[in-house]
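# Summary of structural features
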Amino acid sequence: MVTSPPAIPTTTKDRVLIIGATGFIGKFVAEASLTSEHPTCLLVRPGPLVPSKDAIVKTFQDKGAIVIHVSDHPY
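Residues numbered from 1 in each chain as written. Predicted model: local features only at pLDDT ≥ 70, side-chain atom pairs only at ≥ 80, totals over all residues. Heavy atoms only, no water.

### Examining the overall build of the protein chain
- Within the protein chain one finds two helices and three strands.
- When the helices and strands of the protein chain are placed in sequence order, the string is β-α-β-α-β.
- For the protein chain, with 75 residues in total, the buried portion stands at 20%.
- The long-range fraction of contacts in the protein chain, counting pairs at least 24 apart against all pairs at least 6 apart in sequence, stands at 63%.
- Accessible area of the protein chain: about 6000 Å², with a carbon and sulfur share of 62%. (Helix = DSSP H or I, 4+ residues; strand = E, 2+ residues; numbered from the N terminus. Buried < 20%, exposed > 50% of the residue type's maximum accessible area, 1.4 Å probe, protein only. Contact = heavy atoms within 4.5 Å. Areas by Shrake-Rupley, 256 points an atom, 1.4 Å probe, with all protein chains shown as cover.)

This is how it looks when you write it as structure tokens:
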């Protein structure tokens, strides 16, 4: 017997993960995701950011984005 997967409720917003949210296109993608009220996570490199990029990350955080700091090292 084959069963179909459960239907996803239409009121649930999909989660969004954005890599490169401080870049030219990434800023627009992050803004659109947050404006659409999707739970939004941003992958950001650790360490000091350029002040303009730091301001972008803080702005998105204020709008509800979850910032995840990742390492460039494989382990």
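### Quick look at the packing of aromatic side chains
- In this structure the tally under the stated criterion is one aromatic pair.
- Ring centres 5.6 Å apart and planes at 75° place the aromatic pair Phe24 and Phe28 in the edge-to-face group. Of the two residues, Phe24 and Phe28 are both situated in helix α1 (residues 24-35); the distance of four residues between them amounts to about one turn of the helix.
- Here Phe28 falls in the exposed class, since its relative accessible area comes to 55%. (Phe/Tyr/Trp six-rings, centres within 6.5 Å; stacked < 30°, edge-to-face > 60°.)

### Here's the deal with the side chain of Thr40
- Tracing the sequence through the fold places Thr40 in strand β2 (residues 40-44).
- Residue class for Thr40 comes out buried when judged on its relative accessible area of 2%.
- In terms of polar contacts, Thr40 uses its side chain to reach the side chain of Ser33, at 2.6 Å.
- Not counting the four nearest positions on each side in its chain, Thr40 is found in contact with Val16, Ile18, Ser33, Leu34, Gly64, Ala65 and Ile66. (Polar contact = N/O pair within 3.5 Å; in protein donor to acceptor, adjacent residues only side chain to side chain.)

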